[in-house]
Amino acid sequence: MDPELLERITARRAELDELEEQLVKQLAEVRAERDELAVAERVLERVSDQLADERASAALAPGQVGGRAVMLIPHRTPDVEETMLPPDYQRVLAAVRQAAGPVMARQGGEMLGADVSVRAKLEPLRGRLVRLVDRGWLRKLPDGRFTTCL
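Residues numbered from 1 in each chain as written. Predicted model: local features only at pLDDT ≥ 70, side-chain atom pairs only at ≥ 80, totals over all residues. Heavy atoms only, no water.

**Here we look at the overall build of the protein**
Let me state the cut-off plainly: Under the DSSP-based scheme used, a helix requires at least four consecutive residues in state H or I and a strand at least two consecutive residues in state E, with every element numbered from the N terminus. Note on contacts: a residue pair qualifies if any of its non-hydrogen atoms lie within 4.5 Å across the two residues. To be clear on the numbers: accessible area is Shrake-Rupley with a 1.4 Å probe, and residue cover counts the displayed protein chains and nothing else.
When its secondary structure is counted, the protein shows four helices and four strands. Counted from the first residue to the last, the protein has its helices and strands arranged as α-β-β-α-α-α-β-β. Within the protein, contacts between residues at least 6 apart in sequence are counted, and of these 42% link residues at least 24 apart. For the protein, the exposed area adds up to about 11500 Å²; of that, 54% sits on carbon and sulfur atoms.

Listed below in structure tokens is the structure:
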């Protein structure tokens, strides 16, 4: 055999062995990363499911503020119905809907039978109206009147 050819074959075999070693190492890294991604996907699914469950129960469950139980007002979304609002908020929403047009807090109070001559009786209603605006159930016009959403 030709010694030069034998040397070239040996050198090429060494190159291929080194390349194979690198590829085996890369393949092991790829497999390990795929395994990590599979675990991450399962964790993400579980966390997403838990968050969805917590959001659904939070919409109905009372919260705590200053040691007192308060009902959380859910944001308006296609899957949240008005019946999920506390009864006081349902009445406020119905009163605004029944009005001939946008209403001031005082007019809404009159429609609900509240004593609007006393500011302290009117402010809780204004707070409910604002919360309904913040959650997407009502709109507040620039002049301070409240109306239903389109």
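**Description of a nonpolar patch on the surface**
Convention followed: Like-charged residues within 9 Å of one another, or nonpolar side chains (Val, Leu, Ile, Met, Phe, Trp, Tyr) within 5 Å, are grouped into patches, provided each residue has over 30% relative accessible area and no salt bridge. Here, a salt bridge means any side-chain nitrogen of Lys or Arg that lies within 4 Å of a carboxyl oxygen of Asp or Glu. Three labels apply to residues, based on accessible area from a 1.4 Å probe with only protein chains included: buried if under 20% of the type maximum, exposed if over 50%, partly exposed otherwise in between.
A cluster of nonpolar residues, Val39, Val43, Val47 and Leu51, forms a patch on the protein surface that exposes about 290 Å² of accessible area. For valine 39, a relative accessible area of 43% translates into the label partly exposed.

**A closer look at helix α3 (residues 105–112)**
Since the α-helix packs 3.6 residues into each turn, any two residues three or four apart lie on the same face. Our working rule: Directions pointing from the helix axis toward each C-beta atom define the arc.
Of all the positions in α3, only Ala105, Gly108 and Gly109 are classed as buried. End-on view of α3: buried residues confined to an arc of 100 degrees, all on one side of the axis. Looking one or two residues past α3, glycine 113 carries a phi angle of roughly 80 degrees, positive in sign.

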